[in-house]
Amino acid sequence: MKLREIAHSRTGDKGNISNISVIAYDIDDYETIKKSITAEKVKMYFADIVKGEVIRYELPNLGALNFVMHSALGGGVTRTLSHDMHGKGLSAALMNMDI
Amino acid sequence: MKKIRIGCGAGYGGDRIEPAVELAQKGDIDYLIFECLAERTIAIGQKQKKQNPQSGFNEFLAARMKAVLPICAEKKIKIVTNMGSANPKAAAELTRDIAKELGLSHLKIAIVEGDDVYDIVVNNDLKLDEMGTTISLSGKNIISANAYLGAEALAKALENGADIVIAGRAADPSLFLSTMMFEFGWQNDDWDKLGKGTAIGHLLECAGQITGGYFADPKYRDVPNLAKLGFPIAEVTQEGDAVITKVLDAGGYVTVDTCKQQLLYEIHKPDSYITPDVVADFSGITFKQIGKDCVEVSGASGKPRTSTLKVSVGYSDGFIGEGEMSYAGPGAVERAKLALDIVKERLNICHILPQEIRFDLIGINSLHGERLSKDSAPYEVRARVAARFASKNEATFIGNEVETLYTNGPAGGGGAFKSVKEVVAMDSTLLDRNLVKTNISYLEV
């Protein structure tokens, strides 16, 4: 199953740091998501893009995780050579992850 | 219990204007907030101001004010905004002139200044976070340094009877929090209340992003009427609880899921969201759907604010040159790859050495690289080269080389595009908050 089937997500940017929320549609799926998607797995998944540390924060009462990915945006919105300067599309990539 | 209704009329500088007008007309709101600054916007504003002392504020200020001032004046809706960007004074003067032209009177416009800390930052040769060196060691040409101001000065302006408050780099949630501090008399060390108000401000600050904008994913999340997306309203109680809603017949929707996405947008550690006003704690927040397009938010709290203010520092960092060319039909991808290889080789032949360069196949791998985009096979593809250089001349080379693929490269390339832009890079530093002095002045119509 793709993560997309049970969760939704939005990416935000601050400087060279990207954060991706992962929010269960049904809060009962939160534990499954929490077990499946670790910071290590996300770091490996984005190995080509994210050069720094990935930290995971848990929000059980929202059924959500927040991944904070350092050195992920090619130097940040004004410096990066990527045409998605904010890395807005990263959440869609994560939703394609198999769980 | 006392309640106020706060509407968000813009989530970024170039946002749509009609939803703000709709909020003013039909939202039964007390405040209309325009959040219009991004990290780099103010640095670009400073550059404009250097060329023309009457510029450097939001380019849509006049259009927004013309559209909403008559309604806001009639309904006594107060406006708070950071549209002043690098030049709140000029923004306020233009607003005054527009109000006069519209025949309005008895309006008090507050100008909140003090965020420009260029001299302090440069004179103290502060260390920049991402570069890890001091300004002088970095060797960079600093364009701007603006501290994030909190809600206090904005609340003070409201207390002094301002109908319109125009600031520069005020923190996004602080724009909203100021109205609550003023209306409810929240003190600047009532950390729980400030944390609650900051959460509400953070939920509202991106306007349409909580009413269904940037949320739709057909078949998974079908949002109604996005072309007429309504902007959000928070009905806030004296205790700092709120209901997020919108104008009833406006497009979009407000659900627990739209609220959750926005709460986590651009935050890092959920229990420590640092603003100039407070260290807000979002970890205990819960959302409850209490009606159609009505979501109750509660459970935020706060901890004492930090002794420092974040400062965004803008500096010149060379130039980015770009070039693009499209290929379609059978063999499109192979021809686009050949095109990129040719440009690569041309750089070697001409001894052009960029600081950084990338070669993209738009439609295949340009967003997430090779690994995540394997097996994608489009009918058409766009070859793209982008590189950063110290000099503008070298940056110009990239687009020109891509363009020459027309008559020198693979078959069937079309739609060449080239550009060169100056890089205004951003870094940040922290400044002792006691060094930052805010100043409020007023204009009257």
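Above this note sits the structure.
So, a few notes on the structure that sits alongside this text.

About the cut-offs
Residues numbered from 1 in each chain as written. Chains lettered and ligands numbered in written order. Predicted model: local features only at pLDDT ≥ 70, side-chain atom pairs only at ≥ 80, totals over all residues. Heavy atoms only, no water. Contact = heavy atoms within 4.5 Å. Buried area = accessible area lost by both parts, 1.4 Å probe. Salt bridge = Lys/Arg side-chain N within 4 Å of Asp/Glu carboxyl O. Helix = DSSP H or I, 4+ residues; strand = E, 2+ residues; numbered from the N terminus. Nonpolar A, V, L, I, M, F, W, Y, C, P; charged D, E, K, R; others polar. 1 Å grid on protein atoms, 1.4 Å probe; cavity = no way out; pocket = protein on both sides within 12 Å on 5 of 7 lines; lining within 4 Å. Points joined across faces, edges and corners; volume = space filled by probe spheres on them. Pairing = 2+ DSSP bridges. Axes fitted to C-alpha atoms, helices over the stretch in contact; angles between N-to-C directions. Core = buried A, V, L, I, M, F, W, Y, C linked by side-chain atoms within 4.5 Å. Buried < 20%, exposed > 50% of the residue type's maximum accessible area, 1.4 Å probe, protein only.

Taken together, the contact pairs 45 residues of chain A with 49 residues of chain B. In this assembly, chain A packs against chain B so that about 4,200 Å² is buried in total across both faces, 52% of it on carbon and sulfur atoms. Summed over the shared surface of chain A and chain B, the result is three salt bridges. Looking at the side of chain A that touches chain B, the elements with two or more residues in it are strand 2 (11–14), strand 3 (17–24), helix 2 (39–45), strand 4 (54–59), strand 5 (64–69) and helix 3 (90–95) of chain A. Considering every element that reaches the side of chain A that touches chain B, the biggest residue donor is strand 3 of chain A, with five residues. Across the side of chain A that touches chain B, the residue classes tally to 20 nonpolar, 16 polar and nine charged.

This next bit is on the layout of surface pockets. Residues and elements named next belong to chain B. One number sums up the size of the second largest pocket: a volume of about 480 Å³. Looking at the lining of the second largest pocket, the elements with two or more residues in it are strand 15 (356–362) and helix 12 (369–372). With three residues, the single largest contributor to the lining of the second largest pocket is strand 15. Tallied by class, residues from the lining of the second largest pocket come to eight nonpolar, eleven polar and six charged.

Turning next to the sheet that holds strand 11 (residues 286–291) of chain B. All names here are of chain B. Judged by pairing direction, the sheet is mixed, and its ten strands sit side by side in the order 11-12-8-7-1-2-3-6-4-18 without closing on themselves. Each having just a single partner strand, strand 11 and strand 18 (439–444) make up the two edges of the open sheet. Across the sheet, the axes of successive neighbouring strands diverge by a mean angle of 25°, strand direction being ignored. Relative to strand 6 (residues 164–167), strand 4 (residues 108–113) is paired through four bridges, and the arrangement is parallel. Looking across to strand 6, one finds that I109 is bridged to I164. Sheet contacts for helix 8 (residues 172–184): strand 1 (3–10), strand 2 (31–34), strand 3 (78–81) and strand 7 (232–237); angle to strand 1, the most-contacted strand, approximately 160°. Set on the sheet, helix 10 (residues 256–263) makes contact with strand 8 (242–246), strand 11 and strand 12 (294–298); between it and strand 11 the angle comes to about 150°.

Now for the sheet that holds strand 10 (residues 279–281) of chain B. All names here are of chain B. Pairing within the open sheet is antiparallel, and its three strands lie in the order 9-10-13. The strands lining the two open edges of the sheet, one partner per strand, are strand 9 (273–274) and strand 13 (301–303). Two strands pair when backbone bridges link them, and strand 10 and strand 13 are joined in this way by three bridges, in the antiparallel orientation. In the strand pairing of strand 13, D281 is matched with S301. Across the sheet, helix 9 (residues 191–204) is in contact with strand 9, strand 10 and strand 13; its angle to strand 13 comes to roughly 120°.

Bringing unusual backbone geometry into the picture now. Even without being a glycine, S71 of chain A presents a positive backbone phi close to 45°. Considering the arrangement of structural elements, one finds S71 of chain A in the loop between strand 5 and helix 3. Positive phi values are uncommon outside glycine, yet A207 of chain B reaches one of about 50°. By secondary structure assignment, the location of A207 of chain B is in the loop between helix 9 and strand 7.

Here we come to the nonpolar core. Counting 112 residues, the largest nonpolar core has L32 and F287 of chain B as its most contacted members. If near-sequence neighbours (up to four positions away) are discounted, L32 of chain B is found in contact with G7, C8, G9, A20, L23, A24, V68, C72, I77, K78, I79 and V80 of chain B. Within the second largest apolar cluster, 26 residues are counted, among which are L3, Y30, A39 and M97 of chain A.

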